[in-house]
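Take a look at the letters that make up each chain.
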Amino acid sequence: FTANQAEIEDATGFLGGGRFNATGGALLNGLSVSNFRLSLNGDNVTVPLPQDFLTTGDARLEITGIRDMQKDSLQITIGGRVYAKRSLYSKDIDLANLVGVRRERSLSGGGGSLSPPRFDLIIEGRDALIVRNNIADLTASVSLVLTGDANEPRLAGRITANSGTLFYRKDRYEVQRGTLEFPPDSEIEPIINLQA
């Protein structure tokens, strides 16, 4: 610490069975943070993200924050790359509740003097997405870009399954190839292509 800044030279810890290290610093204005930068590298970390998933992988992230003095709010940006090794989704899905229901897209807790966090993330994983529930038993590769903010996330890229099984009304369908395509600059509404 100095009169107007704080620095993390090197911090190391463990999270979800994996190891991470962080470096960075912050510029202070009295007792408030004017801006900050934190580089975070994680290896073999397991976290419950996104919601209802259990994901293990490596991450190379940079988290920055800049205070907007006019609005007295801190704008946080999370950028970098996430290399998923395994992302398991095992929650059962009630298809009747999904049809015609529009889900809330917000990823933020909201409120306070924090603006919704912004994203600039690349998410990749070869054969990393595993779905095992009442409607599917399949493995897929992921190549996605997450931008926008926590209230209006934007997802572009694709999820590709080369094999697996889908279950619908007591019938079983073998998947030869399936893709979920997220077109650039669109809300999180995928285009589904399936060969069964």
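Please refer to the structure placed before this passage.
Residue numbering note: each chain is counted from 1, following its sequence as written. The predicted origin of the model limits local features to residues at a pLDDT of at least 70 and limits the giving and counting of side-chain atom pairs to 80 or more, whereas totals for whole chains, interfaces and linings rest on all residues. Note that water and hydrogens are dropped before the side-chain values are worked out from all heavy atoms of the structure.

Can you break down unusual backbone geometry residue by residue, with the values?
Cis rather than trans, the peptide bond between Leu 49 and Pro 50 has omega equal to -15°. Positioned with a positive phi, Asn 44 is a non-glycine residue whose angle comes to about 60°. Tracing the backbone shows Asn 44 in strand β3 (residues 32-47). Remark: exposure states derive from per-residue accessible area (1.4 Å probe, protein chains only) relative to the maximum for the residue type, with buried under 20%, exposed over 50%, and partly exposed in between. The class of Asn 44 is partly exposed, set by a relative accessible area of 38%. Under the scheme used here, helices are H or I runs from DSSP no shorter than 4 residues and strands are E runs no shorter than 2 residues, and both carry numbers assigned from the N terminus.

Give me the nonpolar core: which residues, what numbers.
With 18 residues, the main nonpolar core has Leu 129, Val 131, Leu 138, Ala 140, Leu 144 and Ile 159 as its most contacted residues. At the level of elements, β4 (53-68), β6 (118-132), β7 (136-148) and β8 (153-168) are the ones that each hand at least two residues to this core. Take the buried Ala, Val, Leu, Ile, Met, Phe, Trp, Tyr and Cys residues and link them wherever side-chain atoms come within 4.5 Å; each set so joined is a nonpolar core.

An account of the pattern of salt bridges is requested, with residue identities and associated values reported.
Here, a salt bridge means any side-chain nitrogen of Lys or Arg that lies within 4 Å of a carboxyl oxygen of Asp or Glu. Counted under the stated rule, the structure contains 8 salt bridges. Residue Arg 60 is joined to Asp 43 by a salt bridge in which the shortest nitrogen-to-oxygen separation is 2.7 Å. Here Arg 60, found in strand β4, pairs with Asp 43, found in strand β3; they are 17 residues apart in sequence, far enough to count as distant. In this structure Asp 43 comes out as partly exposed when scored by relative accessible area, which is 36%. A salt bridge links Asp 58 to Lys 85, with the shortest nitrogen-to-oxygen separation between them at 3.5 Å. Linking Asp 58 in strand β4 with Lys 85 in strand β5 (residues 73-89), this pair joins segments that are 27 residues apart in sequence. Accessibility expressed as a relative area gives 17% for Asp 58, which makes it buried.

Account for the side chain of Ser 34, naming residues and giving values.
With respect to the element layout, Ser 34 can be found in strand β3. Classification of Ser 34 by relative accessible area gives buried; the value is 13%. In this description, contact between two residues means that some pair of their heavy atoms is separated by no more than 4.5 Å. Setting aside residues up to four positions removed in sequence, Ser 34 forms contacts with Leu 27, Leu 28, Asn 29, Gly 65, Ile 66, Arg 67, Met 69 and Leu 74.

How would you sum up the environment of Arg 158? Please name residues and give values.
Its location among the elements puts Arg 158 in strand β8. Counting along the chain gives 14 residues from Arg 158 to Leu 144, while the straight-line C-alpha distance between them is 6.0 Å. Those residues in contact with Arg 158 that sit more than four places away from it in its chain are Ser 141, Val 142, Ser 143, Leu 144, Arg 177, Thr 179, Leu 180 and Glu 181. A distance of 2.5 Å separates a polar atom in the side chain of Arg 158 from a polar atom in the side chain of Glu 181. By the criterion applied in these results, polar contacts are pairs of N or O atoms within 3.5 Å in which, for protein atoms, one can donate a hydrogen and the other can accept it, and in which residues neighboring in sequence qualify only through two side-chain atoms.

Any chance you could break down the pairing of strand β2 (residues 18-29) for me, citing the residues and the numbers?
DSSP bridges decide pairing: two strands pair if at least two such bridges lie between them. Looking at chain direction, strand β1 (residues 5-15) and β2 are connected through 9 bridges and run antiparallel. Its bridge partner lying in β2, Leu 15 is registered against Gly 18. Between β1 and β2, which pair antiparallel one after the other, the connecting turn spans 2 residues, and Gly 16 there sits at a positive phi close to 55°. Sheet topology note: the β2/β3 ladder contains 11 bridges and is antiparallel. Note on β3: the bridge partner recorded for Leu 28 is Val 33. Here β2 folds back onto β3 in antiparallel fashion, the turn holding 2 residues, of which Gly 30 has a positive phi close to 70°.

If you had to explain a nonpolar patch on the surface to someone new, which residues and values would you point to?
In this analysis, a patch consists of residues with relative accessible area above 30% that form no salt bridge, clustered at 9 Å for like charges and at 5 Å for the nonpolar side chains Val, Leu, Ile, Met, Phe, Trp and Tyr. The protein chains shown are the only cover counted for residues, whose accessible areas, like all others here, come from Shrake-Rupley with a 1.4 Å probe. Together, Leu 95, Tyr 168 and Tyr 173 give the surface a local cluster of nonpolar side chains, amounting to about 270 Å² of exposed area. Note on placement: Leu 95 falls in helix α1 (residues 95-98).

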